[in-house]
Amino acid sequence: MKIGFVGCGNMATAIIGGILEKGILKKEDIKASTKTENSAKKVQETLGIECTTDNKKAVQDADVIFLAVKPQFCEEVIQEIKSEIKSEQVIISIAAGKKLEWLEAQFGAGHKIIRTMPNTPALVGEGITGVCPNKEVTERELEDALVLLRSFGRADTVTEKILDVVGAVSGSSPAFVFMFIEAMADGAVAEGMPRKQAYEFAAQAVYGSAKMVLETGMHPGELKDMVCSPAGTTIEGVGVLEERGMRSAVSESIRACVKKTKQL
Ligand SMILES: NC(=O)C1=CN([C@@H]2O[C@H](COP(=O)(O)OP(=O)(O)OC[C@H]3O[C@@H](n4cnc5c(N)ncnc54)[C@H](OP(=O)(O)O)[C@@H]3O)[C@@H](O)[C@H]2O)C=CC1
Ligand SMILES: O=C(O)[C@@H]1CCC=N1
């Protein structure tokens, strides 16, 4: 399989890094394009793949094409490449908010398009991707796409409406989790822990907690209660988080992401 990436910024770099790390494709099987020479050079240096500023070159021989530019640049990029795209090529869009109907209208009728929403933990093989194909994509092609997307984490089909929610709950949320880790480490540093060690302890606690949710199937509230000893230390911290509105801040931030996605 040969893959072409149109746009190779943070998200595409994470996907390519994850695919190469898993070894399912060779560097020669992946091509990419960026807007500027500087970025193309950086991609070549960091990922060791061919990267050009010629978008057509990135898509010409590809079986699968990733549309990986920001939503506001999708239209101009599609107009540039659409004459090169053949109906047997599978187009995977990772652009937030760009609906299948819109993508179909841009590429023209008869193209196989899969709208997806990945996240940057793909870089370490721990991503999760929401997937929604159009009617031109066969079951076999969808299965092949899922195998590719699962090479850098989990992937599952969702309805197109839910894809916008995926964008928030797993696409954007790594940013919130990084803020949470940074804030916990700041607290630990304030209490005397060396910063590097604080990041390691905070990050491992988040990693292990996430694993418990995924692997035990227990309710997050029950897992929280298991940490809170009666008259203990944790319930004091829980009280502060409740007082400062952590739950509503987090859930409202997810809703703000979905709201913005609908405007893209
Ligand atoms: N970042 C994330 O966590 C996630 C992002 N996404 C989606 O991924 C897409 C990319 O986001 P992200 O990687 O964060 O953005 P970046 O800004 O990091 O990357 C954008 C890339 O697009 C390139 N580009 C811009 N204009 C053109 C053009 N005309 N032709 C070719 N390449 C072009 C840029 O090149 P140059 O550097 O030269 O300007 C850059 O390589 C977005 O649609 C976003 O919604 C989805 C899920 C998660
Ligand atoms: O911030 C963004 O727009 C992209 C989409 C999901 C995560 N990052």
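Residues numbered from 1 in each chain as written. Chains lettered and ligands numbered in written order. Predicted model: local features only at pLDDT ≥ 70, side-chain atom pairs only at ≥ 80, totals over all residues. Heavy atoms only, no water.

In the vicinity of ligand 1, 23 residues are found, and the nearest of them are N10, M11, T36, S39 and V69. A distance of 2.6 Å separates an oxygen atom of ligand 1 from a polar atom in the side chain of T36. Interatomic distance of 2.6 Å between a side-chain N/O atom of S39 and an oxygen atom of ligand 1. At the level of secondary structure, the elements contributing two or more residues to the shell around ligand 1 comprise α1 (10-22) and α4 (74-81). A per-class count over the shell around ligand 1 returns 12 nonpolar, 8 polar and 3 charged. (Near = heavy atom within 4 Å. Polar contact = N/O pair within 3.5 Å; in protein donor to acceptor, adjacent residues only side chain to side chain. Helix = DSSP H or I, 4+ residues; strand = E, 2+ residues; numbered from the N terminus. Nonpolar A, V, L, I, M, F, W, Y, C, P; charged D, E, K, R; others polar.)

The 8 strands lie next to each other as β3-β2-β1-β4-β5-β6-β7-β8, forming an open sheet whose pairing is mixed. Taken across any chain shown, the strands that pair with only one partner, and hence form the sheet edges, are β3 (50-52) and β8 (153-157). Sheet twist, expressed as the mean angle between neighbouring strand axes with direction ignored, is 25°. Sheet topology places strand β1 (residues 3-6) next to strand β2 (residues 30-33); 4 bridges connect them, and they run parallel. Residue I3 lies in a different strand from β2, and its bridge partner there is I30. The sheet contacts of α1 involve β1, β2 and β4 (64-67), and relative to β1 the element is tilted by about 160°. Across the sheet, helix α5 (residues 100-107) is in contact with β4, β5 (90-93), β6 (112-117) and β7 (127-133); its angle to β6 comes to roughly 140°. (Pairing = 2+ DSSP bridges. Axes fitted to C-alpha atoms, helices over the stretch in contact; angles between N-to-C directions. Contact = heavy atoms within 4.5 Å.)

Look at helix α7 (residues 160-190) against helix α11 (residues 246-263): their axes get within 9 Å of each other, and the N-to-C directions meet at 135°. For the element pair α7 / α11, the angle class is oblique. Crossing of α7 over α11 shows right-handed handedness. Residues D164, V165, A168, V169, S172, F176 and F180 of α7 form the contact with α11, whose participating residues are M246, S253, I254, C257, V258, T261 and K262. Partitioning the contact of α7 with α11 into residue classes produces 9 nonpolar, 3 polar and 2 charged. (Parallel < 35°, antiparallel > 145°, perpendicular 65-115°, else oblique. Left-handed = near helix turned anticlockwise from the far one by under 90°.)

Before going further, it helps to examine the site of ligand 2. As a matter of local geometry, ligand 2 sits amid A96, G167, G171 and S172. A total of 250 Å² of accessible area belongs to ligand 2 in isolation, and the protein chains cover 43% of it. A breakdown of the residues in the shell around ligand 2 according to their chemical character gives 1 nonpolar, 3 polar and no charged. (Areas by Shrake-Rupley, 256 points an atom, 1.4 Å probe, with all protein chains shown as cover.)

Take the pattern of salt bridges next. Following the criterion strictly, the structure yields 11 salt bridges and no others. For the salt bridge of E45 with K41, the shortest nitrogen-to-oxygen distance reads 3.9 Å. Of this pair, E45 and K41 both sit in helix α2 (residues 37-47), separated by 4 residues, roughly a single helical turn. Exposure class is identical for E45 and K41. Each is exposed. The residue D164 makes a salt bridge to R115 at a minimum N-O spacing of 2.9 Å. Of this pair, D164 sits in helix α7 while R115 sits in strand β6, and the two are 49 residues apart along the sequence. The class of R115 is buried, set by a relative accessible area of 1%. (Salt bridge = Lys/Arg side-chain N within 4 Å of Asp/Glu carboxyl O. Buried < 20%, exposed > 50% of the residue type's maximum accessible area, 1.4 Å probe, protein only.)

Glancing now at the side chain of S173. Residue placement: S173 occurs in helix α7. The buried category is assigned to S173, whose relative accessible area is 15%. Of the polar contacts made by the side chain of S173, one reaches the backbone oxygen of V169; its length is 2.6 Å.

Under the feature "domain: Pyrroline-5-carboxylate reductase catalytic N-terminal" (unreviewed entry), the UniProt entry names residues 2-97. For the annotated span residues 2-97, helix accounts for 39% and strand for 20% of the residues, and the straight-line distance between the end C-alpha atoms is 26 Å. (UniProt positions renumbered as here; feature names shortened; annotations may be inferred.)

Right, let's talk about the domain arrangement of the protein for a bit. Examined at the domain level, the protein breaks down into domain 1 (3-158) and domain 2 (166-263). Between the C-alpha centres of domain 1 and domain 2 the distance comes to 31 Å. Listed as interface residues are 12 residues of domain 1 and, on the opposing side, 8 residues of domain 2. Carbon and sulfur atoms make up 69% of the surface buried where domain 1 meets domain 2, a total of about 650 Å² over both sides. Ranking the residues of domain 1 by area buried against domain 2 places M117, N119 and R154 at the top, with a combined share of 42%. For the interface between domain 1 and domain 2, the tally reads 0 salt bridges. At the junction of domain 1 and domain 2, the tally comes to 1 residue pair in polar contact (both at pLDDT 80 or more). (Domains from an automatic or database assignment. Buried area = accessible area lost by both parts, 1.4 Å probe.)

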